[in-house]
Amino acid sequence: MDSPAWMFTKALSHRQKVTRLYKRCLREVDNWYGGNNLEVRFQKCIIRARFDANKDEIDTRKSQILLADGCRQLWEKRHFKPFRFALDPGGSSYDRERESPDEIVDSDQWTLAEREQFPYYFNTREQRKKELLAHWAKIEKAWDEEIAAIQTQLPAAAPTVSK
């Protein structure tokens, strides 16, 4: 699988692994036969038949071998230039949409008449800003108290070694 290890937060069941393999196989078919809808559908039906042929496998050892073999085949037959969605990592528009800075909304560009048109938005925004500042003030106070406690505590006396 292509996903980095840090993305997984729990162990996956065999069913989840097979489902993810199946989905990746379908994506790979889209990569290879992208423009021809009839061929894409035919290849996807073949893949579905291959998965359905082994869906009732009871022997866990054999099913794990089948899963590993499917992952190996997928790796061997991967496309040299896979399709990427535009906003995904590696896509043409990845990381292009920048968040607007907060100063745009707070700037003096808004006249009083414009602010009166959207009272709920601006009142809620002011309330959220006050809540955020109060929260950070509470955090800063806790940090200052912790630092003061650390600085006032005396280190434990080191044991003396007598010879």
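Reference entry: report on the structure contained in this document. Every value quoted in this text rests on a predicted model; they were computed, and no experiment measured them. (Residues numbered from 1 in each chain as written. Predicted model: local features only at pLDDT ≥ 70, side-chain atom pairs only at ≥ 80, totals over all residues. Heavy atoms only, no water.)

## Quick word on the overall build of the chain
Summing up its helical and strand segments, the chain has six helices and zero strands in all. Element order for the chain, N to C, with α for helix and β for strand: α-α-α-α-α-α. The burial tally for the chain puts 13% of its 163 residues in the buried class. Contacts spanning at least 24 positions in sequence make up 39% of the contacts within the chain whose residues lie at least 6 apart. Approximately 14,700 Å² of the chain is accessible, and the part contributed by carbon and sulfur atoms is 56%. (Helix = DSSP H or I, 4+ residues; strand = E, 2+ residues; numbered from the N terminus. Buried < 20%, exposed > 50% of the residue type's maximum accessible area, 1.4 Å probe, protein only. Contact = heavy atoms within 4.5 Å. Areas by Shrake-Rupley, 256 points an atom, 1.4 Å probe, with all protein chains shown as cover.)

## Some details on the pattern of salt bridges
This model, assessed by the stated rule, comprises seven salt bridges. The residue aspartate 52 makes a salt bridge to arginine 48 at a minimum N-O spacing of 3.2 Å. Of this pair, aspartate 52 and arginine 48 are both found in helix α2 (residues 37-53), four residues apart, which corresponds to roughly one turn of the helix. Owing to a relative accessible area of 30%, aspartate 52 belongs among the partly exposed residues under this scheme. Here lysine 62 and glutamate 57 are joined by a salt bridge, their closest N and O atoms 3.8 Å apart. (Salt bridge = Lys/Arg side-chain N within 4 Å of Asp/Glu carboxyl O.)

## Here's the deal with helix α6 (residues 119-152)
For α6, spanning 34 residues, the distance from its first C-alpha to its last is 49 Å, which sits close to the expected 50 Å at 1.5 Å a residue. Those residues of α6 lying buried are Phe122, Thr124 and Arg125. (Expected span 1.5 Å × (residues − 1).)

## Quick word on the packing of aromatic side chains
Across all of its chains, the model carries five aromatic pairs by this definition. Geometrically, the ring pair formed by phenylalanine 83 and phenylalanine 85 is edge-to-face, given 5.0 Å between the ring centres and 80 degrees between the ring planes. Seen from the ring of tyrosine 22, arginine 48 lies directly overhead, with NZ or CZ sitting 5.6 Å from the centre. If you follow arginine 78 out to its NZ or CZ, it ends over the ring of tryptophan 75, 3.7 Å from the centre. (Phe/Tyr/Trp six-rings, centres within 6.5 Å; stacked < 30°, edge-to-face > 60°. Lys NZ or Arg CZ within 6 Å of the ring centre and 35° of its normal.)

## Some points on the nonpolar core
Counting nine residues, the largest nonpolar core is built from Leu21, Tyr22, Cys25, Leu26, Val29, Val40, Ile47, Leu67 and Leu74. With sequence-adjacent residues up to four places away left out, valine 40 is seen in contact with Val29, Asp30, Tyr33 and Gly34. (Core = buried A, V, L, I, M, F, W, Y, C linked by side-chain atoms within 4.5 Å.)

## Here's the deal with helix α1 (residues 14-32)
An ideal rise of 1.5 Å per residue puts 27 Å on 19 residues; α1 measures up with 27 Å between its terminal C-alpha atoms. Along α1, the positions that sit buried rather than exposed are Leu21, Tyr22, Cys25, Leu26, Glu28, Val29 and Asn31. Turning to α1, the residues buried within the fold contact α2 and α3 (60-76).

## A few points about the packing of α1 against α2
Taken N-terminus to C-terminus, the directions of α1 and α2 make an angle of 160 degrees; their axes are 9 Å apart at the nearest point. One finds that α1 runs roughly antiparallel with respect to α2. For α1 against α2, the interelement crossing comes out right-handed. Two secondary-structure elements touch here, α1 through Val18, Leu21, Tyr22, Cys25, Leu26, Val29 and Asp30 and α2 through Val40, Gln43, Lys44, Ile47, Arg48 and Phe51. (Axes fitted to C-alpha atoms, helices over the stretch in contact; angles between N-to-C directions. Parallel < 35°, antiparallel > 145°, perpendicular 65-115°, else oblique. Left-handed = near helix turned anticlockwise from the far one by under 90°.)

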